[in-house]
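Coordinates in review
Next come the chains, spelled out residue by residue.
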Amino acid sequence: MAVENVIAALRDGGLLVVVIVVFFLANLRAAANPTAEQMGQLRAEIERVALATGEAPADVAKIFSDLVKGGKSATEVINGLGLATVQFARVAELPAAEAAEVLIDAMNIFGVD
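A brief look at the structure comes next. Just so you know, these numbers come straight off a predicted model, no measurement behind them.

Regarding its fold elements, the chain presents six helices and zero strands. Taken from N to C terminus, the helices and strands of the chain fall in the order α-α-α-α-α-α. Counting over 113 residues, the chain shows a buried share of 34%. Accessible surface computed for the chain: about 6,600 Å², of which carbon and sulfur atoms make up 60%.

Excluding glycine, residues mostly have negative phi values, and the peptide bonds linking residues are mostly trans. Phi is positive for glutamate 93, which is not a glycine, with a value near 55°. Along the polypeptide, glutamate 93 turns up in the loop between helix 5 (74–92) and helix 6 (96–109).

This next bit is on helix 5. The end-to-end C-alpha distance of helix 5 is 24 Å, clearly below the 27 Å that 19 residues give at a rise of 1.5 Å each. The sharpest bend along helix 5 measures roughly 60° and falls at glycine 80. When helix 5 is considered as a whole, its buried residues turn out to be Ala74, Val77, Ile78, Leu81, Gly82, Leu83, Thr85, Val86 and Ala89. Where helix 5 is buried, its residues touch helix 3 (36–53), helix 4 (57–69) and helix 6. Of the residues flanking the end of helix 5, it is glutamate 93, one or two places downstream, whose phi is positive at about 55°.

What follows deals with a nonpolar patch on the surface. The grouping of Ile109, Phe110 and Val112 at the surface amounts to a nonpolar patch, some 360 Å² of accessible area in total. Positionally, isoleucine 109 belongs in helix 6. Residue classification places isoleucine 109 among the exposed positions, given a relative accessible area of 65%.

A separate point is the nonpolar core. Core analysis: the biggest nonpolar cluster contains 28 residues, and Leu42, Val60, Ile63, Phe64 and Leu67 have the highest contact counts within it. Listed by contribution, the elements that provide at least two residues to this core are helix 2 (15–32), helix 3, helix 4, helix 5 and helix 6. Excluding anything up to four places from it in sequence, valine 60 contacts Ile46, Val49, Ala50, Glu55 and Val86.

Further remarks concern the side chain of aspartate 66. On the secondary structure map, aspartate 66 appears in helix 4. For aspartate 66, a relative accessible area of 14% corresponds to the buried category. Other than its neighbours up to four places away in sequence, aspartate 66 contacts Ala96, Ala97, Ala100 and Ile104.

This brings us to the packing of helix 3 against helix 5. A pair of packed helices is characterised by two quantities: the angle between their axes and the separation of those axes. Axis separation between helix 3 and helix 5 bottoms out at 10 Å; the angle between their running directions is 25°. Classified by the interaxial angle, the pair formed by helix 3 and helix 5 is roughly parallel. When you trace helix 3 past helix 5, the crossing you get is right-handed. Facing helix 3, whose interface residues are Gln38, Gln41, Leu42, Glu45, Arg48, Val49 and Thr53, helix 5 presents Ala74, Thr75, Val77, Ile78, Leu83, Val86, Gln87 and Arg90. Broken down by class, the residue content of the contact of helix 3 with helix 5 amounts to seven nonpolar, five polar and three charged.

Reading guide: rules and limits
Residues numbered from 1 in each chain as written. Predicted model: local features only at pLDDT ≥ 70, side-chain atom pairs only at ≥ 80, totals over all residues. Heavy atoms only, no water. Helix = DSSP H or I, 4+ residues; strand = E, 2+ residues; numbered from the N terminus. Buried < 20%, exposed > 50% of the residue type's maximum accessible area, 1.4 Å probe, protein only. Areas by Shrake-Rupley, 256 points an atom, 1.4 Å probe, with all protein chains shown as cover. Expected span 1.5 Å × (residues − 1). Bend = angle between axes of the 7 residues up to and from the residue. Contact = heavy atoms within 4.5 Å. Patch = residues over 30% accessible without salt bridge, like charges linked within 9 Å, V, L, I, M, F, W, Y side chains within 5 Å. Salt bridge = Lys/Arg side-chain N within 4 Å of Asp/Glu carboxyl O. Core = buried A, V, L, I, M, F, W, Y, C linked by side-chain atoms within 4.5 Å. Axes fitted to C-alpha atoms, helices over the stretch in contact; angles between N-to-C directions. Parallel < 35°, antiparallel > 145°, perpendicular 65-115°, else oblique. Left-handed = near helix turned anticlockwise from the far one by under 90°. Nonpolar A, V, L, I, M, F, W, Y, C, P; charged D, E, K, R; others polar.

Here's what the structure looks like:
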């Protein structure tokens, strides 16, 4: 019972969202090994894309992480691939991971960097 109360308090206070974003940023860091400057840019881009699209920052962070795990660079994600994937996921009504996978596959098939 106490654990459920703690989780509810975290969720209500928004702290859970912050924890999830930090989790996906850690995954991204492990996959891409970005510089400190790039990590700052990724954090800022997550916030910008979340505000621009109305998506939750945790969902945006997951998409960014999925892109990097799929072989895309932090620079590509920062320079528009992250936003394009979030928009594609919304329009295609796909889960984040699937949208990232489809775009990565399409880019690889057509030789787009």
